[in-house]
Amino acid sequence: MRSPIRAIPGYEVVGVCTRHIDKVKIPEALSKAKKFSDYDTALAELKPDVVSVNTLPDTHADFSIKAMKAGAHVFVEKPLALTVESAQEVIDTAKRLKKKLVIGYILRVSPVVDQIHRDRAAARNAAGVPHEPEPAVEWRNLGLAQAVDGFLSAIVDCGVHYVE
């Protein structure tokens, strides 16, 4: 299995961190990376230039802030945080420390999804259906954006791709 990060010229994966790292089968492409089960230890020992946060949603904000404070730029999977306030704290940290912060949300730039939207609009136009923006869904009113025991609802974590 080829790691997409290793495919980026000029970058080397120097560490992998996950709970129970000793029980995880690491892909061959990452076999030379140091392995950690503690995030703080990994940051302190490796002092990475860039950190990719691909963890459970309830850790995204905290891990991103820790990485930036350790001197790294950050790529973090969506959602950035579980609350608006936490998201703002991450953004403020990036600005204050002059770190790049990239939030992974592929559907915003996916050519496939873009084509689906164009095809849908063309079909509506061909049928003479007026093209009006879809009504916004107020997630908070539906109670779907609530974190339960520190975990974001799967319908929000994954379902956001389909609603988008």
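For the structure itself, look to the data block above.
Colleague: Can you walk me through the sheet that holds strand S3 (residues 50-53) in this structure?
Modeller: Paired through backbone hydrogen bonds, the strands of a sheet run either parallel or antiparallel to each other. Spatially, three strands are ordered S3-S4-S5 in an open sheet, and the strand pairing comes out parallel. Because the sheet does not close on itself, it has two edges, and the strands there are S3 and strand S5 (101-104). Within this sheet the neighbouring strands show an average axis-to-axis angle of 15°, counted without direction. Examined bridge by bridge, S3 and strand S4 (residues 73-77) share four bridges and lie parallel to one another. Looking at the pairing, Val50 lines up with His73 of S4. Most of the contacts of helix H2 (residues 60-69) go to S4, to which it runs at about 170°, and overall it touches S3 and S4.

Colleague: What am I meant to see in the packing of aromatic side chains here?
Modeller: Geometrically, a pair of aromatic rings is defined through the distance of the ring centres and the angle of the planes. Overall, the coordinates contain one aromatic pair when judged by the stated rule. For the pair Tyr39 and Phe63, a centre-to-centre distance of 4.1 Å together with 10° between the ring planes defines the contact as stacked. Taken together, the residues span a long stretch of sequence, with Tyr39 in helix H1 (residues 39-46) and Phe63 in helix H2 at a distance of 24 residues. Taken as a pair, Tyr39 and Phe63 share a single burial class, namely buried.

Colleague: Could you clarify how one ought to interpret H1 in this entry?
Modeller: Each α-helix turn comprises 3.6 residues. Residues three or four places apart therefore point the same way. Of all the positions in H1, only Tyr39, Ala42 and Leu43 are classed as buried. Taken end-on, H1 shows its buried residues confined to a sector of 95°, consistent with a single buried face. In the core, the buried residues of H1 are packed alongside strand S1 (15-17), strand S2 (34-36), S3 and H2. Measuring from the backbone nitrogen of Asp40 back to the side-chain oxygen at the start of H1 gives 3.4 Å, which picks out Asp38 as the cap. Downstream of H1 by one or two residues, Lys47 has phi in the positive range, about 50°.

Colleague: I tried to follow the nonpolar core on my own but got confused; where do I start?
Modeller: Side chains of nonpolar character tend, in soluble globular proteins, to be buried together. The biggest cluster of nonpolar side chains holds 17 residues, and the ones touching the most others in it are Tyr39, Val51, Val53, Ala67, Val74 and Val90. Contributions of two or more residues to this core are made by H1, S3, H2, S4 and helix H3 (84-97). Contact partners of Val51, with chain neighbours within four places excluded, come to Tyr39, Leu43, Ala67, Ala72, His73, Val74 and Phe75. Val16, Ile21, Ile26 and Ala33 belong to the second-largest nonpolar core, a separate cluster that totals six residues.

Colleague: Even after reading the chapter, I still don't get the pattern of salt bridges, so can you show me in this structure?
Modeller: Side chains bearing opposite charge may pair, as long as their charged atoms lie close to each other. Within the structure shown, the criterion is met by three salt bridges. A salt bridge links Lys34 to Glu45, with the shortest nitrogen-to-oxygen separation between them at 2.7 Å. Residue Lys34 is found in strand S2, and its partner Glu45 is found in helix H1; the two are separated by eleven residues along the sequence. The exposure class assigned to Lys34 is partly exposed, which follows from its relative accessible area of 44%. Its relative accessible area of 44% is what places Glu45 among the partly exposed residues. Taking the shortest distance from any N to any O, the salt bridge between Asp62 and Lys66 comes out at 3.7 Å. Of this pair, Asp62 and Lys66 both sit in helix H2, separated by four residues, roughly a single helical turn. Overall, the relative accessible area of 40% leaves Asp62 in the partly exposed class. Take Lys66: its relative accessible area is 28%, and that puts it in the partly exposed class. Where salt bridges share partners, they join Asp40, Asp62 and Lys66 into one cluster.

Scoring rules and cut-offs
- Residues numbered from 1 in each chain as written.
- Predicted model: local features only at pLDDT ≥ 70, side-chain atom pairs only at ≥ 80, totals over all residues.
- Heavy atoms only, no water.
- Pairing = 2+ DSSP bridges.
- Helix = DSSP H or I, 4+ residues; strand = E, 2+ residues; numbered from the N terminus.
- Axes fitted to C-alpha atoms, helices over the stretch in contact; angles between N-to-C directions.
- Contact = heavy atoms within 4.5 Å.
- Phe/Tyr/Trp six-rings, centres within 6.5 Å; stacked < 30°, edge-to-face > 60°.
- Buried < 20%, exposed > 50% of the residue type's maximum accessible area, 1.4 Å probe, protein only.
- Arc of directions from axis to C-beta.
- Polar contact = N/O pair within 3.5 Å; in protein donor to acceptor, adjacent residues only side chain to side chain.
- Core = buried A, V, L, I, M, F, W, Y, C linked by side-chain atoms within 4.5 Å.
- Salt bridge = Lys/Arg side-chain N within 4 Å of Asp/Glu carboxyl O.

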